[in-house]
Amino acid sequence: NTARDLTGRHVVVSAGGTREPIDPVRFIGNRSSGLQGYALARTALARGARVTLVAANVALPDPAGADVVPVGSAREMREAVLKAAADADAVVMAAAVADFRPSGYEDMKIKKTAGAEPAPIRLVENPDILAEVVRASRAVGARHQVVVGFAAETNDVLENGRQKLARKGCDLLVVNEVGERLTFGAPDNAAVILSADGAAVDVPRGSKDALADVVWDLVAARLV
Ligand code: C5P
């Protein structure tokens, strides 16, 4: 796509996967590589947008021209995304954000004690960043904003996607099927993009850049 249809627009993209610390050396993480989020950033830049890329634990080179904000945990990502979203025209949450984090943090590395049971790790819920972005963008007097969520599903992809779209209240939801060897870290992706008005766009397996361009087509059509 060579259109410069995002010129003058500010878009925020989250990428990668959050890490929820347990102690100074351990965390709960996930398999997200950041490739899809970086593809979204690159393609938006190519289409003329100013891009803030909030990157959680991504080992990829910064896309030239993007304002990259590195974060670790979901709470750090929340802060960076909400700040950048304040003047954004579109927010695309491609990151895999941990739904839960350990309720406490041990200042010193947890040690094993011979013969003793390991201490359980209790979890508490993380803030839902996407839901907060939607809430802020729907507030009276808020600037018009197109909000896009991602849903990684391992089963009943469409049905779970529709429910998630309704629950999150975003404009578009990119639903893809994931598995240990599917999507995560892979150069290609396939998805169904659901929109709040009931439409569904099937994106056949192809490059993550190709999927990103379809997302921006749908976003651009919804910008005012
Ligand atoms: O509910 P689920 O985690 O499947 O939702 C996925 C979508 O919600 C993604 O766009 C993800 O970036 C976003 N999310 C979020 N904050 C969370 C959990 C998910 O923004 N705590």
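Here the residue numbering is sequential within each chain, running from 1 through the sequence in written order. It should be noted that, the model being predicted, local features are given only for residues of pLDDT at least 70 and side-chain atom pairs only at 80 or more, the latter also being counted only at that level, while totals for whole chains, interfaces and linings use all residues. Heavy atoms throughout the structure, all of them, feed into the side-chain values; hydrogens and water do not.

An unreviewed UniProt entry annotates the protein chain as Coenzyme A biosynthesis bifunctional protein CoaBC originating from Actinoallomurus bryophytorum.

> Tell me what's going on with the packing of helix α1 (residues 35-46) against helix α5 (residues 208-222), and back it up with residues and numbers.
In this analysis an axis means a line fitted to C-alpha atoms, helices contributing only their contacting stretch, and an angle means the value between N-to-C directions, from 0 to 180 degrees. By the criteria applied, helices consist of DSSP H or I runs no shorter than four residues and strands consist of E runs no shorter than two, each listed in order from the N terminus. Running from N to C, α1 and α5 point in directions that differ by 60°, and their axes come no closer than 8 Å. By the criterion of interaxial angle, the relationship of α1 to α5 is oblique. Where α1 crosses over α5, the handedness of that crossing is right-handed. In this structure, α1 uses L35, Q36, A39, L40, R42, T43 and A44 to contact α5, whose residues at the interface are K208, D209, L211, A212, D213, V215 and W216. Basically, the charged four are Asp, Glu, Lys and Arg, the nonpolar ten are Ala, Val, Leu, Ile, Met, Phe, Trp, Tyr, Cys and Pro, and anything else, Gly included, counts as polar. In terms of residue class, the contact of α1 with α5 is made up of 8 nonpolar, 2 polar and 4 charged. For classification purposes, an angle smaller than 35 degrees is called roughly parallel, one larger than 145 roughly antiparallel, one from 65 to 115 roughly perpendicular, and anything else oblique. Two helices that cross are described as forming a left-handed crossing if the nearer one is turned anticlockwise from the farther one by less than a right angle, and a right-handed crossing if clockwise. The contact definition used throughout considers only heavy atoms, calling two residues in contact when any of these lie within 4.5 Å.

> Please give an account of the environment of V175 that cites residues and values.
As for its position among the elements, V175 is in strand β10 (residues 172-177). For each residue, the accessible area found with a 1.4 Å probe, counting protein chains only, is set against the maximum for its type, and the residue is called buried under 20%, exposed over 50%, and partly exposed in between. By relative accessible area, V175 is classed as buried at 1%. When near neighbours in sequence (up to four residues on either side) are disregarded, V175 contacts A151, E153, V157, G161, A190, A191, V192 and L194.

> Go over helix α3 (residues 129-137), please, and point to the residues and values.
I129, L130, E132, V133, V134 and S137 are the residues of α3 that are buried. Tucked into the core, α3 has its buried residues touching α2 (74-85), β6 (90-93), β9 (146-153) and α4 (157-168). Polar contacts here mean pairs of N or O atoms no more than 3.5 Å apart (in protein, one a potential hydrogen donor and the other a potential acceptor; neighbouring residues in sequence count only if both atoms are side-chain atoms). Looking at where α3 begins, the residue whose side-chain oxygen comes 3.2 Å from the main-chain nitrogen of L130 is D128.

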